[in-house]
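One-letter residues, chain by chain:
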Amino acid sequence: MEAAAEPLRSVRRLSRVLLFLSQCYILSGDENKLLSHLTESTEIPPYVMKCPSNGLCSRLPADCIECATNFSCTYGKPVTFDCTVKPSVTCVDQDLHPQRNFIINMTCRFCWQLPETDYECTNSTSCMTVACPRQRYPANCTVRDHVHCLGNRTFPKLLYCNWTGGYKWSTALALSITLGGFGADRFYLGQWREGLGKLFSFGGLGIWTLIDVLLIGVGYVGPADGSLYI
């Protein structure tokens, strides 16, 4: 009898061990789910860094609110939209009471129709600013935080080349008048080939010097890197 009962006891012990391990696995899974839920609930959205706490809802940046915009409004006319603050953002009304829903007043126009002072664009230092006709370059523009508009807040736009390499027009003109016969003005502007030509021809016997004074004076001759004068 003892010999027959021994395998039965072994099976019972094995079943208890398996039951204990399964319970531990289930508990560990629940714990991981709980930790992940707590992590998600305490994670701060990136847009919150742009949103001032307990400020007026109507003055929140556009990234902090969601508005029910209407694209059928009349361009250039005042319009009002119903807005709601995004999660994790706190703001108040005029009476300093907590508020979630509010109305904003704005002008009916798309973001790409805004004046240049209301958005910032990437700059290019590889295009020629002194060219005829004036060159343009493709830029990516982003609307400033406090400005409200319709459509995408980031948009492409063709802009005129407008950058400077630090060359002064007054310095170039002064060098052209005083030392233009030796090519100093062309050397200053980074045009060393023309500078050598003026140096060894004594300013083209004075004719080249006079022409350069006129061309630099009217801004036709500029820096070799294509930038604008400062």
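Structure first, text after, so check above.
Only a predicted model underlies this, so the values are computations on that prediction, with no experimental measurement involved.

What counts as what
Residues numbered from 1 in each chain as written. Predicted model: local features only at pLDDT ≥ 70, side-chain atom pairs only at ≥ 80, totals over all residues. Heavy atoms only, no water. Patch = residues over 30% accessible without salt bridge, like charges linked within 9 Å, V, L, I, M, F, W, Y side chains within 5 Å. Areas by Shrake-Rupley, 256 points an atom, 1.4 Å probe, with all protein chains shown as cover. Salt bridge = Lys/Arg side-chain N within 4 Å of Asp/Glu carboxyl O. Helix = DSSP H or I, 4+ residues; strand = E, 2+ residues; numbered from the N terminus. Buried < 20%, exposed > 50% of the residue type's maximum accessible area, 1.4 Å probe, protein only. Pairing = 2+ DSSP bridges. Axes fitted to C-alpha atoms, helices over the stretch in contact; angles between N-to-C directions. Phe/Tyr/Trp six-rings, centres within 6.5 Å; stacked < 30°, edge-to-face > 60°. Core = buried A, V, L, I, M, F, W, Y, C linked by side-chain atoms within 4.5 Å. Contact = heavy atoms within 4.5 Å.

Student: Residue-level account of a nonpolar patch on the surface, with values.
Tutor: Taken together, the side chains of Leu179, Phe182, Phe187, Trp192, Leu196, Leu199 and Phe200 make up a nonpolar region of the molecular surface, amounting to roughly 710 Å² of accessible area. Among the elements that make up the nonpolar patch, the one with the highest residue count is helix 4 (residues 192-200) (4 residues). Counting through the fold element by element, Phe187 comes out in helix 3 (residues 184-188). On the basis of relative accessibility, which here comes to 37%, the residue Phe187 falls in the partly exposed class.

Student: So what's going on with the sheet that holds strand 2 (residues 65-67)? Which residues, and what values?
Tutor: In a beta sheet, neighbouring strands pair by backbone hydrogen bonds and run either parallel or antiparallel. The 3 strands are arranged 2-3-5 in an open sheet whose pairing can be described as antiparallel. Whereas interior strands pair on both sides, the edge strands pair on one side only; in this sheet they are strand 2 and strand 5 (101-107). Each strand of the sheet is rotated relative to its neighbour by a mean of 40 degrees, with strand direction disregarded. Sheet topology note: the strand 2/strand 3 (residues 78-85) ladder contains 3 bridges and is antiparallel.

Student: Which residues make up the packing of aromatic side chains, and what are the values?
Tutor: Per the stated rule, a full pass over the model turns up 3 aromatic pairs. Between Tyr119 and Phe155, the ring centres sit 5.4 Å apart and the planes meet at 75 degrees, which makes this aromatic pair edge-to-face. Separated by 36 residues along the polypeptide, Tyr119 in strand 6 (residues 119-121) and Phe155 in strand 8 (residues 154-160) bring together distant segments of the chain. A relative accessible area of 6% places Phe155 in the buried class.

Student: Outline unusual backbone geometry, supporting the account with residue identities and numerical values.
Tutor: Peptide bonds are, in most cases, trans, and in most cases residues other than glycine have a negative phi. Phi at Asn54 takes a positive value of approximately 60 degrees, unusual for a residue other than glycine. Its location among the elements puts Asn54 in the loop between helix 1 (2-42) and strand 1 (55-56). Relative accessible area serves as the criterion here: at 53%, Asn54 is assigned to the exposed category. In this structure, Leu205 is a non-glycine residue whose phi angle is positive, near 55 degrees. Relative to the assigned elements, Leu205 resides in helix 5 (residues 202-205). For Leu205, a relative accessible area of 75% gives the class exposed.

Student: Summarise the nonpolar core; cite the residues concerned and give the values.
Tutor: By size, the foremost hydrophobic cluster in this structure holds 19 residues, and its most contacted members are Leu60, Ile65, Val85, Val89 and Phe102. Elements supplying a minimum of two residues to this core: strand 3 and strand 5. Those residues in contact with Val89, other than ones at most four positions away along the chain, are Tyr47, Cys51, Leu60, Cys64 and Arg100.

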